[in-house]
Amino acid sequence: MFKERFKFYKHINSLEQQSDVIDFANEVNTDFMKPKKLTSEFSNNDKEILDDLGLKSDLSDWNCYDVLNIPGLIFIKNPFTSTGQKCWMKRCIVDYTRKPNRLNIDAHHILGDGEDWWSIANKNGNIKLRDQLRWATLGYHHNWDTKVYSETAKSEFPKELSKLSKTIINLLQLSDEFMAEAAIVNFYHPASTLSGHTDHSEYNLSAPLLSISFGLSAIFLIGGRSLDDKPSAILLRSGDVIVMSKESRLCYHGVPKVLLPKNDQHFNYDNEMEDPFKSYMQVTRININVRQVNNIV
Ligand SMILES: O=C(O)CCC(=O)C(=O)O
Ligand SMILES: [Fe+2]
């Protein structure tokens, strides 16, 4: 079921006529989703924290939903301000692609000592290098071969990303103890896909997983614990956040399609960015996938 639906969405050319793709910006279909309340313990001091994190500081502007047929799956419709979105995109592009973080291009030894991807990619308009970046790993580095996290493959987790993750998990009242310990920052091109998988390498599989998307929209496909379960297709736009908690934490998911904006459409973040960020984000989707690795002792 999952693989067939994945293939189907991979080959669509536009979203029109795809009435089964769930778009949380449209009328709320109460069979599929239920608005979710956020914490009521909230002070002016907390507003400042949200503002510093690039999040909308008035919680009444947040739209969160429980996805009813996938227990534990939570959708938050872009909780970022437009300045906040731009700031997080730049962090992903400029900061999270620097050492000590690891990149897929490290294996090719393209960058010299002290050189960083974004500077070199922009020197002489090195589009090839720009497009070679697929992922960066932060904190405990995901090992793509063994899938085992190790104390010897670990760097400091970015403080602001840890704070953002904890704040969102706390607002959702999922846990007061969430620790952001590993992240994959995925960089997608318009033709990129991410095939169906479960994320089960973490020693702690009960802590929620947080997934934040920026840039181009995409279809996110999420099913059940088995590839035989029928998946749901959810439209993710820039700024949207998915939290996989409880049962949904171990559900199959993937990204069969990144969508290009139509010619007459602007980005769905309000203020344009300046070049070279603008031209990169016009052809890129970024997803930050944050996990807790260890159990709390
Ligand atoms: O890009 C996405 O929305 C999902 C990424 C993902 O599932 C992963 O990195 O494990
Ligand atoms: Fe995943």
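As a reminder, the structure under discussion sits directly above these lines.
Rules behind the numbers
Residues numbered from 1 in each chain as written. Chains lettered and ligands numbered in written order. Predicted model: local features only at pLDDT ≥ 70, side-chain atom pairs only at ≥ 80, totals over all residues. Heavy atoms only, no water. Helix = DSSP H or I, 4+ residues; strand = E, 2+ residues; numbered from the N terminus. Buried < 20%, exposed > 50% of the residue type's maximum accessible area, 1.4 Å probe, protein only. Contact = heavy atoms within 4.5 Å. Pairing = 2+ DSSP bridges. Donors = N, O, S within 2.8 Å, 3.2 Å for Na, K, Ca; no water. Salt bridge = Lys/Arg side-chain N within 4 Å of Asp/Glu carboxyl O. Near = heavy atom within 4 Å. Polar contact = N/O pair within 3.5 Å; in protein donor to acceptor, adjacent residues only side chain to side chain. Areas by Shrake-Rupley, 256 points an atom, 1.4 Å probe, with all protein chains shown as cover. Core = buried A, V, L, I, M, F, W, Y, C linked by side-chain atoms within 4.5 Å. Phe/Tyr/Trp six-rings, centres within 6.5 Å; stacked < 30°, edge-to-face > 60°. Lys NZ or Arg CZ within 6 Å of the ring centre and 35° of its normal.

Enquirer: I'm lost on the environment of Asn63 in this one. Help?
Expert: Note that Asn63 resides in strand S3 (residues 63-67). For Asn63, a relative accessible area of 35% gives the class partly exposed. Distance from Asn63 to Ala25, taken between C-alpha atoms, is 9.7 Å for residues 38 residues apart in sequence. Setting aside residues no more than four positions away along its own chain, Asn63 makes contact with Phe75, Ile76 and Lys77.

Enquirer: Explanation requested: the sheet that holds strand S13 (residues 253-259) in the structure shown.
Expert: Strand pairing in a sheet is mediated by backbone hydrogen bonds. Such pairs are either parallel or antiparallel. Overall, mixed pairing links the five strands, which are arranged S1-S11-S10-S13-S8 in an open sheet. Each edge of the open sheet is held by one strand with a lone partner, namely strand S1 (21-22) and strand S8 (194-197). Alignment of S1 against strand S11 (residues 232-236), held across two bridges, turns out to be parallel. Directly across from Ile22, in S11, lies its bridge partner Ile234.

Enquirer: Honestly, the coordination of the iron ion (ligand 2) in this entry has me stumped. Any pointers?
Expert: Working reference: metal with six octahedral donors, ideal angles 90 or 180 degrees; metal with four tetrahedral donors, ideal angle 109.5 degrees. Here the iron ion (ligand 2) is held by His197 (NE2), Asp199 (OD) and His253 (NE2), and the distances to it run 2.1 to 2.2 Å. For the iron ion (ligand 2), the single-chain donor residues occur in sequence as H-x1-D-x53-H. Taken together, the residues span a long stretch of sequence, with His197 in strand S8 and His253 in strand S13 at a distance of 56 residues. As far as the burial class goes, His197 and His253 line up, both buried.

Enquirer: In this structure, what is going on with the pattern of salt bridges? I would like to understand it.
Expert: Pairs may arise between side chains of opposite charge once their charged atoms sit close together. As enumerated under the stated definition, the model contains 13 salt bridges in all. In this structure, Arg130 engages Asp131 in a salt bridge whose closest nitrogen and oxygen atoms are separated by 3.5 Å. A relative accessible area of 12% places Arg130 in the buried class. One salt bridge connects Arg249 with Glu202, and the closest N-O pair in it is separated by 2.9 Å. Pair noted here: Arg249 is in the loop between strand S12 (241-244) and S13 and Glu202 is in the loop between S8 and strand S9 (209-215), with a separation of 47 residues, a long-range link. The pair formed by Arg249 and Glu202 is uniform in burial state, with each residue classed as buried. Via salt bridges that share partners, Asp199, Glu202, Arg249 and Arg291 belong to a single interconnected network.

Enquirer: Quick question: what am I supposed to make of the site of ligand 1 here?
Expert: Neighbouring ligand 1 are the residues Asn186, Tyr188, Leu194, His197, Asp199, Phe220, His253, Val255, Arg285, Asn287, Asn289 and Arg291. Between ligand 1 and Tyr188 there is a distance of 2.5 Å, counted from an oxygen atom to a side-chain nitrogen or oxygen. Take Asn287: an N or O atom from its side chain is 3.2 Å from an oxygen atom of ligand 1. Protein burial of ligand 1: of its 290 Å² of free accessible surface, 97% is covered by the chains. When contributions to the shell around ligand 1 are tallied by element, the ones reaching two or more residues are strand S7 (182-188), S8, S13 and strand S14 (285-291). By residue number, the principal contributor to the shell around ligand 1 is S14, which donates four residues.

Enquirer: Would you mind showing me how to read the nonpolar core here?
Expert: Soluble globular proteins tend to pack their nonpolar side chains together in the buried interior. With 51 residues, the main nonpolar core has Trp62, Ile93, Trp117, Leu161, Leu164, Val185 and Val290 as its most contacted residues. Not counting the four nearest positions on each side in its chain, Leu164 is found in contact with Leu53, Leu55, Phe80, Trp88 and Ile212.

Enquirer: Got a minute to help me understand the packing of aromatic side chains in this structure?
Expert: Each aromatic ring pair is characterised by the separation of its centres together with the angle its planes make. Scanning the entire structure with this criterion turns up 13 aromatic pairs. With 5.4 Å between their ring centres and 40 degrees between their planes, Trp117 and Trp118 make a pair best called tilted. Of the two residues examined, Trp117 and Trp118, each falls in the buried class. Ring pairs connect the aromatic residues Trp117, Trp118, Phe187, Phe277 and Tyr280, which therefore count as one cluster. Stacked on the ring of Phe8, the Lys or Arg Arg5 has its end atom at 4.6 Å from the ring centre. If you follow Lys90 out to its NZ or CZ, it ends over the ring of Phe277, 4.9 Å from the centre.

These figures come from the coordinates and say nothing about function on their own.
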